[in-house]
Every structure is written in C-alpha cells, then in structure tokens.
Amino acid sequence: MEIPTKLRWGILGAARVNERLMPAIVEASNSELVAIASRRPGAAAETLAKYAPRQQGVRCYDQPEVLLADDAVQAVYLPMANHEHAEWAVRALQAGKHVLCEKPMALTAADIEAIATAARERGLTVMEGFMYRFHPQHARVQEIVRSGAIGEVRYARASYSFMMRPARRYRLARDVRHGGGAMWDIGPYAVHSLRWCFEQDPVAVTAMAKYVESGADIATSGVIDFGDGRRGHFDISFECARRSEYEITGTLGGVKCHTAWQNPGDIPVISWWTEDGRQCLEQLPVANHFRLEIEHFADCVLNGKPPLLSLDDARTNCRTLVAALESAASGRTVRLDA
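In the annotation of an unreviewed UniProt entry, the entry for the protein reads D-xylose 1-dehydrogenase (NADP+), and the organism field reads Methylococcus capsulatus.

Q: So what about the pattern of salt bridges? Which residues, and what values?
A: Opposite charge on two side chains makes pairing possible when the charged atoms of those side chains draw close. On inspection of all chains with the given rule, the structure shows 26 salt bridges. Note that Lys 103 and Asp 185 form a salt bridge whose closest N and O atoms lie 3.9 Å from each other. Here the residue Lys 103 occupies a position in the loop between β5 (98-102) and α5 (109-122), and Asp 185 occupies one in helix α7 (residues 182-185), the gap between them amounting to 82 residues. Accessibility classification places Lys 103 together with Asp 185 in one group, the buried group. Measuring nitrogen to oxygen at the nearest pair gives 2.4 Å for the salt bridge that ties Glu 199 to Arg 146. Taken together, the residues span a long stretch of sequence, with Glu 199 in the loop between α8 (187-198) and β8 (204-211) and Arg 146 in helix α6 (residues 136-146) at a distance of 53 residues. Look at Glu 199 and you get partly exposed, because its relative accessible area is 47%. One continuous salt-bridge network, built from bridges that share partners, spans Arg 157, Glu 245, Glu 247 and Lys 256.

Calculation rules
Think of each chain on its own: its residues are numbered from 1, step by step along the sequence as written. Since the coordinates come from a predicted model, pLDDT governs what is reported: local features require at least 70, and pairs of side-chain atoms require 80 or more to be given and counted, while whole-chain, interface and lining totals use all residues. Heavy atoms from the whole structure form the basis of all side-chain values; hydrogens and water molecules are not counted. We define a salt bridge as a contact between a side-chain nitrogen of Lys or Arg and a carboxyl oxygen of Asp or Glu at a distance within 4 Å. Helical segments are the DSSP runs of H or I of at least four residues, strand segments are the runs of E of at least two, and each set is numbered from the N terminus. Buried means the residue's accessible area, taken with a 1.4 Å probe over protein chains only, is under 20% of the maximum for its type, while exposed means over 50%, and partly exposed covers the values in between.

Structure (structure tokens):
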C-alpha cells in the first residue's frame, strides 16, 4: 500500500488566524488544504478568497458538521472561540479526524482529559497549537542555556501584549469563566514560554488582574513559582504596545528572545550576556513558524511520530492558567502541587 505523502487538511472556522495559518498549510511540503467551514454564511469562501486566492478545488462549507463528514479531510485545524475548542475537538476526533487545536486547547483539565480519551480510543493525533515553539530561534536559546554559559536558571520573565483595536473587542465579550479576556487569549503564550524556560512544572501561582464590565481581564500579571526560589514573572495585556518577548536569567548571565510572535519577513533576534563581560546580539535566519508547525504535525500523523507538544503539556498549561485566574479573583496564592 502506498504511503501518503501529504496530509489533507480542513479548517474549522474563519478566524483571523487564517491570515497566517491558511498560507502555511498551502506552502507546507507535506500538506494539502481541501476544505474550510464556518457557521457564518459565505465566510468560509470569503476567507479562502482572501488568504489563499489561487487555491483550486477547496470545498467551502457553511456548517462545520459537513466538513467533519467529508472523507477527504484527514486532519482539522481548530481556531474557533476558546470556549468551543474542547467540544469541537472531541467531535472531530469522534469523526475520525486528527486535531491541531488553537491554544488554549480547553478551559479545564477535565476537558483535555476527554480529548485525550477520544484520541486514544481512535488512535488519533492531537496537539495544542503553539506555533512559536517551532521557530528555530528557541532552539538557539535552549542551546545557550544548556551550554552552561548563563549558569543555573533562577528567573524568567515573559511579556505578551498588544493594543486592543475596536474590531477585536469580541475577545472581551465573555467573562473569564467562559474563555474571555487576555489570560485565555495571550496568557497561554506567557505560561507556556515560562514553563519551557524552566523545563519543569509549576508549584504555585500568584496573580492580579484588571477586569472590564463583562468580567473579562484586559490585563493580568503574576508570578509562577517553580520551586527552590525559581520564579517566572509574566505580564499580558490588551492595553499595552505590542510585545512578545521572554528573558531568562541564570547565576552567570542571561538570554533574551526579543520577538516570539514572528511575522513574515521578520528577522529573529536574540541577545545574551555573561558576568565575565561577554555581550552578544544574534540575528537568525527568517522562518515561518506556522508552516513549521503544520509540517511537524503532518509528519507526526503520516509517519506515526509523537508530537512535540503532548497532551500532558496541554493539561499542565491549562491547570496553570486556571490557577492564575483563581489567584487573581481571590487575591491569594494558588498551589498546583497540592
């Protein structure tokens, strides 16, 4: 039997991320876009025409259920609203589709367990969509840390923000319990990158937030305790200038990733220093982390490999986000190791 060389993708939703995601599927060496669906009449066709106008033969559906019934679709990318991710991930898995789910995968660890069960029962692959992790600049950061140049990691900081434009205020329409606000939107990046910096699970979180009338947070800051005095500080906001950076400080120096959200054509920059006087600014090759993510996931499905980001990783990230929101609401530290 001939082994397929391309994974056939469907997209469940006409979200703005398609501006980057749809061309990434089209350009990926081992992927093919075959369908897109949206519940807004005509939105799927409009999205295809806007972001992949030269693609022929892509089926456009006004009902996501119809896409899930399409036998040509092997895998789905799921960029629906945050509170819908868990339901539609399970529905896609039950329909026999592999799932790459936009972050956050779910709003509770129990929902992620339901996704894991559905995937396990059908032998399907699921991964949370943190595209930034597939950019080579992070491998370079990790190389510097593991070389011992900055010593033992003691502290990390992650800052993610952008000014909320009126057209994007739908992100604040729901309260935090239903997936609205900055912590569920850009907070996953901050938590995930800090966990990656320490390469271990958090033990406690302390946070504070600013809320809008809907009950959504428009800005949240906090500290994640990784034990033995190792702490990660995060600040995320919809009312600050655009930032997507993290910095790691060790006993002998530090290293910084200046832009985690890489746009097409951006030149990645990392900088590092040591206490003995070394100062280094490195420019790395341009890379499309969305395309690299798509190619990685397709390779995992086509060749039976485990994805870089496991469901255990998704579960831990979710539990940390929930703890941060609970801490901000209660004004107390929330432990994760209890």
